Amino acid sequence: MTNDIDMKTFSFENILAWQKAHAFTLLVYKTTRRFPEDERFGLTSQFRRAAVSIEANIAEGYRKLSKADKLRFLNISQGSLEECRTYILLSRDLEYLSPEEIQQLQDNIENTSKFLNSYCNGIIHNSGIKE
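Attention here is on the structure that accompanies the text. (Residues numbered from 1 in each chain as written. Predicted model: local features only at pLDDT ≥ 70, side-chain atom pairs only at ≥ 80, totals over all residues. Heavy atoms only, no water.)

Okay, the packing of helix α2 (residues 16–32) against helix α5 (residues 99–125) next. Relative placement of two packed helices is described by the angle separating their axes and the distance separating the axes. The contact between α2 and α5 brings their axes to 8 Å, and the two run at 155°. Relative to α5, the element α2 is oriented roughly antiparallel. Here α2 and α5 pass one another in a crossing that is left-handed. When α2 is examined against α5, the residues L16, A17, K20, A21, A23, F24, L27, V28 and T31 are found in contact with a partner set consisting of Q104, L105, N108, I109, N111, T112, F115, L116 and Y119. In terms of residue class, the contact of α2 with α5 is built from 12 nonpolar, five polar and one charged. (Axes fitted to C-alpha atoms, helices over the stretch in contact; angles between N-to-C directions. Helix = DSSP H or I, 4+ residues; strand = E, 2+ residues; numbered from the N terminus. Parallel < 35°, antiparallel > 145°, perpendicular 65-115°, else oblique. Left-handed = near helix turned anticlockwise from the far one by under 90°. Contact = heavy atoms within 4.5 Å. Nonpolar A, V, L, I, M, F, W, Y, C, P; charged D, E, K, R; others polar.)

If you want it as structure tokens, here you go:
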């Protein structure tokens, strides 16, 4: 008899770092809806694009066979995450969001960052992945 784990199909959606990144992306979309209309092609677009890039690069790197390829995509995710940190600060300084919304974004991105870093460290130290 097979156990439940054998019956599951694994995908990038099972990766906790992707789940956290996806939740962050949804939060970015929700909060940027209230940005001024004249930011639609500016900060709103850039912030959303960078947030999507975090989760998209985790997903893209998931099926890469070599450790170097996986880490390259995860490093791109980390860069996009840092880009989002800048957009959070800019949104704060432009007073586009409430202090509570800023705190929620900062807490969420910090949580995402921790899971992404843990995922990267797991890949670095996993000897089962080809160099």
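A few words on the packing of aromatic side chains. Aromatic rings in a pair are described by how distant their centres are and how their planes are angled relative to each other. Summed over the entire model, instances satisfying the criterion amount to three aromatic pairs. Arranged with centres 5.2 Å apart and planes meeting at 70°, the rings of F12 and W18 form a pair that is edge-to-face. Taking relative accessible area as the criterion, F12 reaches 28% and is therefore assigned partly exposed. For W18, a relative accessible area of 11% gives the class buried. Where F35 meets Y96, the ring centres are 5.2 Å apart and the plane angle is 50°; that geometry is what we call tilted. (Phe/Tyr/Trp six-rings, centres within 6.5 Å; stacked < 30°, edge-to-face > 60°. Buried < 20%, exposed > 50% of the residue type's maximum accessible area, 1.4 Å probe, protein only.)

Before going further, it helps to spend a moment on the nonpolar core. Counting 29 residues, the largest nonpolar core has F24, F47, I58, C84, L105 and Y119 as its most contacted members. Elements represented by at least two residues in this core include exactly α2, α3 (43–62), α4 (67–93) and α5. Ranked by residue count, the leading element in this core is α3, at eight residues. Among all residues touching C84, those that are not within four sequence positions of it are F24, F47, A50, A51, I54 and I109. (Core = buried A, V, L, I, M, F, W, Y, C linked by side-chain atoms within 4.5 Å.)

What follows is about α4. Over its 27 residues, α4 runs 39 Å from end to end, which matches the ideal 39 Å to within 8%, given 1.5 Å per residue. Along α4, the positions that sit buried rather than exposed are K67, K70, F73, L74, S77, S80, L81, C84, Y87, I88 and S91. The elements touched by buried residues of α4 are α2, α3 and α5. Within two residues after α4, E95 carries a phi angle of roughly 60°, on the positive side. (Expected span 1.5 Å × (residues − 1).)

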